[in-house]
Every structure is written in C-alpha cells, then in structure tokens.
Amino acid sequence: MAAGGGSPSIVEFFGGEDGYRCGYCRSDTGNLSHGMWAHSMTVQDYQDLIDRGWRRSGKYVYKPIMNQTCCPQYTIRCRALHFQASKSHKKVLKKMLKFISKGDVSKVVSEEEPMDSHVEDVATCDFPYKSESQVSQSDLTPLAVDQAERVENEDKDSGETEEEENVQKVASDSVQICADKDTPVPAEPSHSAKAVHAPPKPGKGADLSKPLCRKAKDIRKERKLQKLLQNQTGTVEGSQLQGDQAFLLQNSKSKTNQPKNIEDFVFVPLPDDARHKLEVRVVRSSPPSSQFKATFQESYQVYKRYQMVIHKDPPDKPTINQFTRFLCDSPLEAEHTPDGPECGYGSFHQQYWLDGKIIAVGVIDILPYCVSSVYLYYDPDFSFLSLGVYSALREIAFTRQLCVKAPDLCFYYMGFYIHSCPKMRYKGQYRPSDLLCPETYVWTPIEQCLPLLEHSKYSRFNQDGKAVDEGRLKELGRVRVLHKRTVMPYSVYKKRRKGPSDEASVQQYASLVGQTCSERMLLFRS
C-alpha cells in the first residue's frame, strides 16, 4: 500500500484491570480486555492491530485478555478468493433471488447459521464509553517541526542517543513509514496466503498457469452477462462498479462440473418483470460523505427498530448519540492511493436498498489487506431473508471485487470467533478460514484449531513450541510518545517526566500493540 500522507495515529491507553459484563455467558465481571481510545488512526496501523487480536467499537479499540476472560474471542478471517458457499449459504442466496424476481416470501431458515450474523458487538457497545477520552483537541496537536527541533536540541548536550533525533522527524515521515507497501504486518502477512500455482508434474493434470479452453456457449453467456453488468445495481458513493466487471465476468462463467460461486447468484440476470429491485450502495461514514448525511435519519430508524425488536432494547436506549458513537464515529483516516480501491480505505456503511428503501446496513472497514466487518443491522420486517447471512456473503463478494484493483486486499475479517459460545460458532462455516494464535499471532487453519478448542476454551494454535511473537516489543525506549504537544521517544520522555513512573503502563501498551505500531503510533501522555 502506498503512503497515505495523513497524520499519525494518536491513542490513549487505559489498561484492562476492570471486568465488564459478558454478552455471551452473562457473567457480570468476567469479560476482561485491554483498551485504548483512538483519537485518530491510519488504516495500516489498524490492520496491524487487528492482526494482533485488537478490534474497534466506535473509536474505542480493545483486545480481550485471552487467557483470563470468560469467553476467549479469537480473530477470524476468511480467505475470500478461495471461498466456496456451503449448501445453507446457497439456500439464502436462492431465497433472495426468488424474492426479488417473484416476490416469494417463503420463510426458510438456514439450518447452520442464525439470522443475526453480527451479534457479538452488541455486548461491547456499552463499555467503551466508560473510558471515553476527555483530552482536548489542542493537546493532541503536535508542535510544528521547527519547535520540536528546538526541544530536541535542548537535550543533545545531555548525551542522548540517536533515538532522540526521531523527535523532529515524526511529524513529516511517520505516516509514510506506516503506509509503506512493503512493510510487513506483525503476524503472518495477510497477503502471504495467496494461492501460488506451481508448474504441474508430468501426468499430474492440466497446467493451472494456462487459461482453460472455452466453449462457444460460454462466450455467448459472457457477452450476455456483459450487457447485464452495464446495468449493474451495486454502487460505491453513487458510481457504478464498472472497474470490477472483468473480475465478475471471469467468476461468473459457466464451469463444467464446478460448483457455482457467489457471483453466479448475486449477478444472475433477472426477468424484465422482476417484482423487486435490490441495490447495494457503499457510502463513506467517516468523515461522512454527502450520501451518508442524506440517508442518516433513515439509516438510524432502521437501527433503532432493529435494536428494539431483535435485541429487546428499551426505546430510550438506541439514541442517535449512541448510534453515532457506536456505528458512525471511527478513528480511521480516509486514505486514497493509486493502487488502492476506487472508494479508498477507511470506514463505510454498505446500504441495502430494496425498492428505494433501506432494509439493512453493514458497517465495514476497508483496510490494506481486508474488508473488516464491524456490525449489521436490518429492518426486522425482512428477517425472513436471512439478511445476516446474506450480507456476509455480499461482503465476501465485495472483498473479491476490491481485490481486482488492490491485489493485497484479499481477506474478509469476521470479527471474533467464540467457540465457548455455541451461537457464535457459525462464523467457522465460512471456509476456508483461519484463526489467529493468541500467543504468536500467526494464522492457523480453523480445522486445526477446533480440536484444541474442544479440549480447552483457551488454546495456543501454533504448535511450534519454540515459536515466539515476531512482532513483540524489543526496545521500550523507541516507543513514540506525545507529551505536551511534543513528539518524542519514550527514552526522552522518561527523563523529563515529573512524578511517579509510568513505565509499567507504557511497557504493557507497547507489548500489546507490538514494536512496529509502538514506533509509529503516538501514545498520549498528560
């Protein structure tokens, strides 16, 4: 990913001593996590954080204390390019097609997965704001470079090392470092799992590096589909998704004796007399685009009804303020790069419009290596369409579309997999998928993890006993700190700080975010 050119991430670390109510096992204080308030955050920093087990709720970013919390939450990702819809997934896709084309409202419920596919964040939408930041914006604005240089030069005579020389440079080059395309993520790089076809050995089948022979029938179907895609209903900020047509054509071709993929169901030609029209729009939520602002009230009303009917919230709980903080506010900086997706990186709402009315909204983050699902809410009147499952499948298809322009963006992150909570195991049905090892932060195929989780709710997935966290903290002195509007390494801040030492807190923070992020992000200290 190319450099974003924006401001560096600024965070406040709150630790994780207090327990919260668990939304899975209903324990009053068993939900234990570390947390920090993100005043701003680059998409690369957030990508690296979720690859270390972090996750955001609004501007609050938290990491479960895996070996202590009552219900361990493992980060899960689906390898979107290799995704194969299960039988129950296809039932949901066919049900939507029947409804759109014929108005069929048969209420066939998926056998394997619940209607509501993103329920875990309901449990987290309350606790973050107990720790909401009270710091003023002026305190978060670093001094100009020349002022930082003067502060730095004051310490040059006291024998400081070259670490201090980074003080005056951070304002100008830290984001370029974090957005460097070749910068590896702390865990296994997200783009390392792409399929690589080796030349076939004699007698071992067709050469996968060469295109398949094509029949005239397939060519005719492709031409027909090309005409259909000229009237494509999916939009990004009001623009047609024309840039991905080649990918959709390639993946919608007739394949002899091969199962249908998502595109075969989503982009199937509809009859002229179709009863309904479904349109999917992707609008930027932070900073809010004009399309987002224009649809805010209608979207909020869908959220309010969803929370009251599906989650039994009292009418006074799902307020506009709560909706905004939970699902609209985001610390992620909007970034656009020449080699990135047309819509850019950052936070978005994927709106599902049925006959000119919003019936569902998927809250997503588009990051350098993935589409990360945050939450879903929908109109309860349309529960019969299994919108939780349908939206997840559309988000996988969306990831595949984005990958055409941004090849590194090939994963779909589904939040947390919670094996100890049976209703949350459905995420494991989106195959192939991987779980993140809570100790070494490497990805492990879920098939290898499930036997371990059956034995113990907390488990290290990396079976190499000598393996360690490659992104672990190595040099505390290099952690970047924002103190009195001045950016400096912790080694300098430590000597200037007055009062009791906060080294234990900074050490904990840096250990959790890893060396790479601790040197890029700015840790606010009052």
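Heads up: the structure comes first, above all this text.
Residues numbered from 1 in each chain as written. Predicted model: local features only at pLDDT ≥ 70, side-chain atom pairs only at ≥ 80, totals over all residues. Heavy atoms only, no water.

Student: Please clarify how the overall build of the protein should be interpreted in this entry.
Tutor: Along its length, the protein carries 14 helices and 18 strands. Residue burial in the protein is summarised as follows: out of 526 residues, 56% are buried. A separation of at least 24 residues holds for 73% of the contacts in the protein among residues at least 6 apart in sequence. When the accessible surface of the protein is summed, it comes to about 23200 Å², and 50% of that surface belongs to carbon and sulfur atoms. (Helix = DSSP H or I, 4+ residues; strand = E, 2+ residues; numbered from the N terminus. Buried < 20%, exposed > 50% of the residue type's maximum accessible area, 1.4 Å probe, protein only. Contact = heavy atoms within 4.5 Å. Areas by Shrake-Rupley, 256 points an atom, 1.4 Å probe, with all protein chains shown as cover.)

Student: Is there a simple way to think about the packing of helix H9 (residues 296-309) against helix H10 (residues 320-328) in this case?
Tutor: Geometrically, a packed helix pair is captured by the angle between its two axes and the distance between the axes. The interhelical angle for the contact between H9 and H10, taken along N-to-C directions, is 95 degrees, at an axis separation of 11 Å. Classified by the angle their axes make, H9 and H10 are roughly perpendicular. Taken together, the residues of H10 that come into contact with H9 (itself represented by Phe296, Gln297, Ser299, Tyr300 and Tyr303) are Ile320, Gln322, Phe323, Thr324, Phe326, Leu327 and Cys328. Across the contact of H9 with H10, the residue classes break down as eight nonpolar, four polar and no charged. (Axes fitted to C-alpha atoms, helices over the stretch in contact; angles between N-to-C directions. Parallel < 35°, antiparallel > 145°, perpendicular 65-115°, else oblique. Nonpolar A, V, L, I, M, F, W, Y, C, P; charged D, E, K, R; others polar.)

Student: Just checking my understanding: could you explain the environment of Arg275 for this structure?
Tutor: Along the chain, Arg275 falls in the loop between helix H7 (262-266) and strand S9 (278-286). The class of Arg275 is exposed, set by a relative accessible area of 55%. Residues in contact with Arg275, not counting those within four places in the same chain, are Ile100, Ser101, Lys102 and Gly103. At 3.4 Å, the side chain of Arg275 forms a polar contact with the backbone oxygen of Lys102. (Polar contact = N/O pair within 3.5 Å; in protein donor to acceptor, adjacent residues only side chain to side chain.)

Student: Would you mind showing me how to read the side chain of Lys90 here?
Tutor: Summarising the element assignment, Lys90 is placed in helix H2 (residues 87-102). We note that Lys90 is buried and unpaired, the nearest opposite charge coming from Asp264 at a distance of 8.2 Å. Apart from the residues lying within four places of it in its own chain, the contact partners of Lys90 are Ala85, Pro259, Lys260 and Phe265. (Lys, Arg positive; Asp, Glu negative; His and termini not counted. Salt bridge = Lys/Arg side-chain N within 4 Å of Asp/Glu carboxyl O.)

Student: Just checking my understanding: could you explain H9 for this structure?
Tutor: Note: α-helices contain 3.6 residues per turn, so residues at a spacing of three or four share the same orientation. Counted at 1.5 Å a residue, the expected span for H9 with its 14 residues is 20 Å, and the 20 Å between its end C-alpha atoms agrees. Burial in H9 covers these residues: Phe296, Ser299, Tyr300, Val302, Tyr303, Tyr306 and Gln307. All buried residues of H9 project into a common sector of 160 degrees when viewed along the axis, lining one side. (Expected span 1.5 Å × (residues − 1). Arc of directions from axis to C-beta.)

Student: Please explain the packing of H2 against helix H11 (residues 387-405) as it appears in this structure.
Tutor: The N-to-C vectors of H2 and H11 enclose an angle of 100 degrees; their axes lie 10 Å apart at closest approach. With respect to their mutual orientation, H2 and H11 come out roughly perpendicular. Of the residues in H11, those in contact with His89, Val92, Leu93 and Met96 of H2 are Leu387, Val389, Tyr390 and Leu393. Tallied by class, residues from the contact of H2 with H11 come to seven nonpolar, one polar and no charged.

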